[in-house]
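Reading the structure
The residues making up each chain are set out below.
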Amino acid sequence: MMNARTVLTAAVGVLAAAVLAGCASTSNHATLVSLAALDTPTPVLPRSPGEPTVRCNDPTASLRPGAQLPVPGAMPAGSFMRTIERRGSLIAGVDQNTLLFAYLNPFTGGIQGFEIDLLRQIAKAIFGDPGRIEFKAITTAERLPYVQEGRVDIVADAMTVNCYRIRKVDFSTVYYDAGQRLLVPRNSHAHGIADLAGKRVCVTKTGTAKKYLDAYAAEHRRRHPIPDAVSQRTDCLVALQLGEVAAIASDDAILLGFAKQDPYTKIVGPRFTNEPYGMAISKRHPDFVRFVNGVLAGVRADGVWTSLYRKWLGSVAPTRSPPHARYRD
Amino acid sequence: VGRQPRTDGATIDAVSEIAVQSSEQQRFVWLREHLATTPGRLRLLALLLATTALIFGVATTAAATVRRNATNAVAAQTEPLLFEADGLYASLSDADATAATTFLRGGIESGTRRRRYLNDLRSATSQLTTLTRQVRNSPVAEAAVSTISARLPIYSGLIETARANNRQGFPVGAAYLRQASDLMRAEILPAADRLYAVEAQRLTGDYRSGVGSGTFAVVVLTGLLALAALIGGQVYVTRRTHRLLNVPMVVGTVVLLALVVWTLAAFSQEQDSLSSAQRKGSDPVEILSATRILTLRAEGDESLALVAHGGGDQFVADFAAATHALGPADGTQRLLGEASMLASRTHSAAAFAEFRSTLARYRAAHRRIAALEAAGRFGDAINLAVGSRAKEAPLADELNKSLGTQIASAQHRFAGAAENATSALGGLWLGIPLLATAVGLLGLLGLFQRISEYR
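Predicted model, so just to flag it, every value in this text is computed and none were measured.

1. Focus: the domain arrangement of chain A
Residue and element names in this part refer to chain A. For chain A, the assigned domains read domain 1 (4-50 + 179-274) and domain 2 (80-177 + 276-313). Residue-level contacts link 13 residues of domain 1 with 16 residues of domain 2. Across the interface of domain 1 and domain 2, roughly 1100 Å² is buried in total on both sides, 55% from carbon and sulfur atoms. For the domain 1 face of the interface with domain 2, the top three residues by lost area are Arg233, Ala253 and Leu256, together amounting to 40%. Run the count over domain 1 and domain 2 and you get 2 salt bridges. The closest approach of N and O atoms between Arg233 and Asp157, which form a salt bridge, is 3.9 Å. Taken together, domain 1 and domain 2 are joined by 4 residue pairs in polar contact (both at pLDDT 80 or more). Top element by residues in the side of domain 1 that touches domain 2 is helix α9 (residues 252-261). It accounts for 6 residues. Looking at the side of domain 1 that touches domain 2 residue by residue, the classes come out as 3 nonpolar, 6 polar and 4 charged.

2. Some details on the pattern of salt bridges
All names here are of chain B. Taken as a whole and assessed by the stated rule, the structure comprises 26 salt bridges over all chains. Among the ionic pairs, Arg185 bridges to Asp96, the shortest N-O distance being 2.9 Å. With Arg185 in helix α5 (residues 172-211) and Asp96 in helix α2 (residues 38-102), this residue pair connects regions lying 89 residues apart in the sequence. Using a relative accessible area of 22% as the deciding quantity, one classes Arg185 as partly exposed. With relative accessibility at 5%, the residue Asp96 sits in the buried group. Salt-bridge contacts for Arg361 lead to Glu398; the nearest nitrogen and oxygen are separated by 3.8 Å. Taken together, the positions of Arg361 in helix α10 (residues 349-374) and Glu398 in helix α12 (residues 392-424) put the pair 37 residues apart, joining distant regions of the chain. Judged by its relative accessible area of 36%, Glu398 falls in the partly exposed class. Put simply, Asp96, Arg185, Arg297, Asp301 and Asp318 are held in one network by salt bridges that share partners.

3. Considering the sheet that holds strand β4 (residues 111-112) of chain A
All names here are of chain A. Pairing in this open sheet of 3 strands is antiparallel, and the strands run β2-β3-β4 from one edge to the other. With partners counted over all chains shown, the strands left at the sheet margins are β2 (97-98) and β4, one partner each. Where strand β3 (residues 102-104) and β4 come together, 2 bridges link them in antiparallel fashion. In the strand pairing of β4, Leu104 is matched with Ile111.

4. Quick notes on the packing of aromatic side chains
Residue and element names in this part refer to chain A. Under the defined criterion, the tally for this structure stands at 15 aromatic pairs over all chains. A centroid spacing of 5.7 Å and a plane angle of 70° characterise the contact between Phe101 and Phe114, whose relative ring orientation is edge-to-face. With Phe101 in the loop between β2 and β3 and Phe114 in helix α4 (residues 114-127), this residue pair connects regions lying 13 residues apart in the sequence. Both residues of the pair, Phe101 and Phe114, belong to the buried class. Between the aromatic rings of Trp305 and Tyr309, the centroid separation amounts to 5.3 Å while the plane-to-plane angle is 15°, which identifies the pairing as stacked. Here the residue Trp305 and the residue Tyr309 both occupy positions in helix α11 (residues 304-313), the gap between them amounting to 4 residues, near one helical turn. With relative accessibility at 1%, the residue Tyr309 sits in the buried group. Here a set of aromatic residues connected by ring pairs shows up, and it is made of Phe101, Phe114, Tyr175, Tyr176, Tyr277, Trp305 and Tyr309. Here Arg151 stacks its cationic end above the ring of Tyr146, 4.2 Å away from the centre of that ring. Of note, Arg320 hangs over the ring of Tyr176, and the distance from its end group to the ring centre comes to 4.9 Å.

5. Regarding the pairing of strand β5 (residues 133-137) of chain A
All names here are of chain A. Most of β5 sits out of view: 4 of its 5 residues are buried. Two elements, strand β1 (residues 90-94) and β5, share 5 bridges in a ladder whose sense is parallel. For Ile91, the partnering residue across the bridge sits in β5 and is Glu134.

6. Overview of unusual backbone geometry
With phi around 40°, Ala158(A) is a residue other than glycine that occupies positive phi space. Here Ala158(A) is to be found in the loop between β6 (154-155) and α6 (165-168). Despite not being glycine, Arg334(B) has its phi angle at roughly 50°, a positive value. In this structure, Arg334(B) sits in helix α9 (residues 334-345). In this structure Arg334(B) comes out as partly exposed when scored by relative accessible area, which is 36%.

7. Here's the deal with the environment of Glu85(A)
Residues and elements named next belong to chain A. Within the secondary structure, Glu85 sits in helix α3 (residues 80-87). Classification of Glu85 by relative accessible area gives buried; the value is 18%. Placed 26 residues apart in sequence, Glu85 and Ile111 show a C-alpha to C-alpha distance of 22 Å. If we ignore the near neighbours within four places in the chain, the residues touching Glu85 are Gly73, Ala74, Met75, Ile126 and Phe127. A polar contact is formed between the side chain of Glu85 and the backbone nitrogen of Met75, at a distance of 3.1 Å.

8. Some points on helix α7 (residues 208-219) of chain A
All names here are of chain A. The terminal C-alpha atoms of α7 lie 17 Å apart, and with 12 residues this matches the ideal 16 Å at 1.5 Å per residue to within 8%. Among the residues of α7, Ala209, Leu213, Tyr216 and Ala217 are the ones counted as buried. Considered in projection along α7, the buried side chains sweep an arc of 100° and stay on one side of the axis. Looking at the packing, one finds that the buried side of α7 touches β8 (176-185), β9 (200-204), β10 (226-230) and β11 (247-251).

9. Examining a nonpolar patch on the surface
Residues and elements named next belong to chain B. Judged by side-chain polarity, Phe28, Trp30, Leu31, Leu35 and Leu47 come together as a nonpolar surface patch covering roughly 490 Å² of accessible area. Among the elements that line the nonpolar patch, the one with the most residues is helix α1 (residues 3-36), at 4 residues. By secondary structure assignment, the location of Leu47 is in helix α2.

Criteria and cut-off values
Per chain, residue numbering runs from 1 following the sequence as it is written. Here the convention is simple: chains get letters from A, ligands get numbers from 1, in the order in which they are written. With the structure being a predicted model, the display of local features is reserved for residues of pLDDT at least 70 and the display and counting of side-chain atom pairs for 80 or more, all residues being used for whole-chain, interface and lining totals. For the side-chain quantities, the full set of heavy atoms in the structure was used; hydrogens and water were omitted. Domains are outlined according to an automatic or database domain assignment. Throughout, a contact is declared for two residues whenever any of their heavy atoms are within 4.5 Å. Summed over both partners, buried area is the accessible surface (1.4 Å probe) that two parts give up on being assembled. Any Lys or Arg side-chain nitrogen located within 4 Å of an Asp or Glu carboxyl oxygen qualifies as a salt bridge. Polar contacts, as used here, are pairs of N or O atoms within 3.5 Å; protein pairs need one atom able to donate a hydrogen and one able to accept it. Residues neighboring in sequence count only if both atoms are side-chain atoms. In this text, helices come from DSSP runs of H or I with a minimum length of four residues, and strands from runs of E with a minimum of two, each type numbered from the N-terminal end. Note that Gly is not counted as nonpolar here; it falls among the polar residues with everything else outside the nonpolar set of Ala, Val, Leu, Ile, Met, Phe, Trp, Tyr, Cys and Pro and the charged set of Asp, Glu, Lys and Arg. Think of it in three bands: with a 1.4 Å probe and only protein chains considered, a residue is buried below 20% of the maximum accessible area for its type, exposed above 50%, and partly exposed in between. Pairing between strands is defined by DSSP: at least two bridges between the two strands are required. Only rings of Phe, Tyr and Trp enter the pairing, Trp through its six-membered ring, and a pair is recorded when the two centres are within 6.5 Å. The plane angle decides the type: under 30 degrees is stacked, over 60 is edge-to-face, the rest tilted. Only Lys NZ and Arg CZ are tested; either one counts as a charge over a ring when it is within 6 Å of the ring centre and within 35 degrees of the ring normal. Here the expected length of a helix is defined as 1.5 Å per residue gap, with one fewer gap than residues. Regarding the arc, it is the one traced by the directions from the helix axis to the C-beta atoms. Two joining distances apply to patches: 9 Å for like charges and 5 Å for nonpolar side chains (Val, Leu, Ile, Met, Phe, Trp, Tyr), and every residue must have over 30% relative accessible area and no salt bridge. The protein chains shown are the only cover counted for residues, whose accessible areas, like all others here, come from Shrake-Rupley with a 1.4 Å probe.

Structure below.
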């Protein structure tokens with residue numbers, strides 16, 4: 001009996017030791033922590049709401065300039081131009097990705113293009129020096145708020161003057177008449193939207209082209225193109241080159257830059273919308289709007305507009321005359 | 001006709017029932033006969049002793065085999081595979097970050113960046129080859145590997161198109177880069193993540209079977225059973241024969257005890273080593289790899305935001321998310337907190353502290369770049385990021401290099417401890433069957449010495 005008890009005691013002791021040893025085991029804590037960290041999702045940004053469609057009479061009519069522009073370097077006291085002059089440079093909000101109009105030259109690191117040269121004309125009229133200008137790269141969504149909040153003096157960024165936007169900001173007279181057209185591969189037989197029924201057509205998510213195509217689809221229920229919306233303009237060229245879409249619908253000004261980057265594409269069909277481009281200025285500075293209109297009237301009259309057009313767009317688009325300025329007073 | 005087989009079946013059943021009954025009766029008769037006499041009881045005891053020794057030998061061998069297989073799998077298969085999956089994930093993340101940085105300077109790409117990108121692709125391909133060979137038994141891992149294999153050539157094609165356009169100064173180059181990065185982040189990296197998760201789970205499983213207390217219990221219980229039979233036999237023999245010691249049985253008891261002690265000691269040494277392989281080796285490898293991947297993700301975000309020239313809000317937000325997941329540079333919270341704790345556990349706190357101070361400087365540089373970016377001064381921001389007197393890129397390289405070194409030394413620690421765990425179980429595969437047989441034979445020898453005295 002004594003023996004049995006000893007054995008039992010020993011057994012309990014060894015078993016307890018074994019269980020204790022088993023407790024000093026492993027854990028998958030590190031795995032769980034690392035997997036949780038690696039699973040960190042990319043935050044979803046709130047999508048900017050599209051612009052509502054509103055009606056008005058001729059939004060392109062702007063403020064009439066004074067009879068004479070002030071002398072460069074001597075802006076009238078109390079004017080917004082004087083404020084800019086004292087600051088030392090004009091601050092302009094621009095895009096950096098639209099070839100020919102406003103784009104970064106990767107070799108010089110500077111921004112250049114048709115819109116950039118027009119803005120330099122305004123700096124020249126204020127300071128007598130076209131170099132006194134600071135370019136701020138902004139996104140499409142930032143254009144209106146940046147002007148409204150005064151973070152930039154002026155925006156020139158392929159911006160269509162429309163009835164909604166003139167409620168938020170003032171626009172200069174029209175400096176470029178753009179319109180929506182189609183870009184297709186060179187071997188495509190499409191000549192217009194009607195030829196693209198059932199095909200995918202690339203548009204930007206918030207652009208005018210998407211609105212147009214959606215309206216077209218509602219009207220032609222049976223035969224219409226399928227809009228393929230991307231977030232940035234240049235993504236459309238990628239989609240076309242990869243064969244994901246049959247065409248791009250966008251402003252011809254932007255399509256010119258695309259065609260320049262890919263010689264195996266062509267712009268086809270008539271314009272299906274008019275997109276008059278104006279420079280956006282805060283509603284607090286009507287004097288600056290009149291001043292800019294004066295500068296634009298000058299470049300239209302003295303041939304600078306035409307020579308800038310030839311410099312940037314002459315090789316890709318037919319020559320044309322500057323758009324007529326329209327004034328509301 | 002249909003009834004015939006059933007009648008037959010019933011007859012056969014009845015016959016076999018009678019057979020069973022009679023054999024059971026015979027068995028009881030046999031048992032009764034044996035229990036009636038001392039030599040009979042001794043024979044029964046011998047049978048019991050042999051059986052318990054056999055059970056002990058087989059069960060303990062099985063327990064040792066389970067542990068040996070698990071330890072071998074951890075050391076030679078699952079952990080190295082996890083390391084490979086981690087490496088693949090890191091190579092792909094590094095390719096993404098490096099490609100984006102390469103394009104920041106426009107058409108003029110840096111030779112070292114280009115080489116680093118190509119190296120990343122090369123190591124990703126070779127890691128993928130290794131993993132393809134080894135993941136056969138998991139459909140999830142197999143699907144992940146085939147996703148990566150299918151998408152990687154498309155990714156590198158998009159990068160080369162971006163490069164060709166960039167060399168001509170075309171803005172569409174940046175769009176191709178964005179497309180490539182989207183593909184990497186939306187499809188390739190998540191597949192690498194799934195692969196990593198599968199391998200990590202497998203490693204966890206192997207660690208568990210390598211240290212399971214069930215195997216301990218098996219050794220102890222079957223050992224006790226055999227011990228009880230041996231001791232009980234000796235008590236009975238002593239009482240019946242009035243001899244104090246039965247030498248073979250005493251030697252058998254000692255051998256049995258020694259074998260149990262040896263096995264348990266080996267198990268607990270293996271367990272200690274395996275636990276330390278995890279705590280000081282594979283745990284830091286996992287945490288530091290996750291740190292490296294998130295650091296690279298933030299680095300890629302920074303470059304992609306700069307390449308987007310103001311259109312990169314998405315990347316700015318993602319940089320913030322990756323930075324948040326890493327935690328503050330003082331190493332008190334989240335992933336860095338975990339890594340900091342592991343560093344002090346593995347006596348590598350100095351290396352990690354240096355990493356943290358570099359990270360703090362990197363984040364300070366990032367804040368200056370973000371400020372320039374917010375002001376629309378992309379040229380200055382890019383110069384600060386990757387220019388000739390850049391502040392940020394060298395710091396990012398330093399972070400990457402430091403993490404690489406720390407991961408390598410953690411893997412080294414793992415290999416050492418895993419080696420110890422494997423060698424702890426070294427002699428058991430031969431020792432257990434041999435000695436358990438010896439225990440059984442010694443016991444039988446002792447009993448048969450007595451049985452022979454009754455003839």
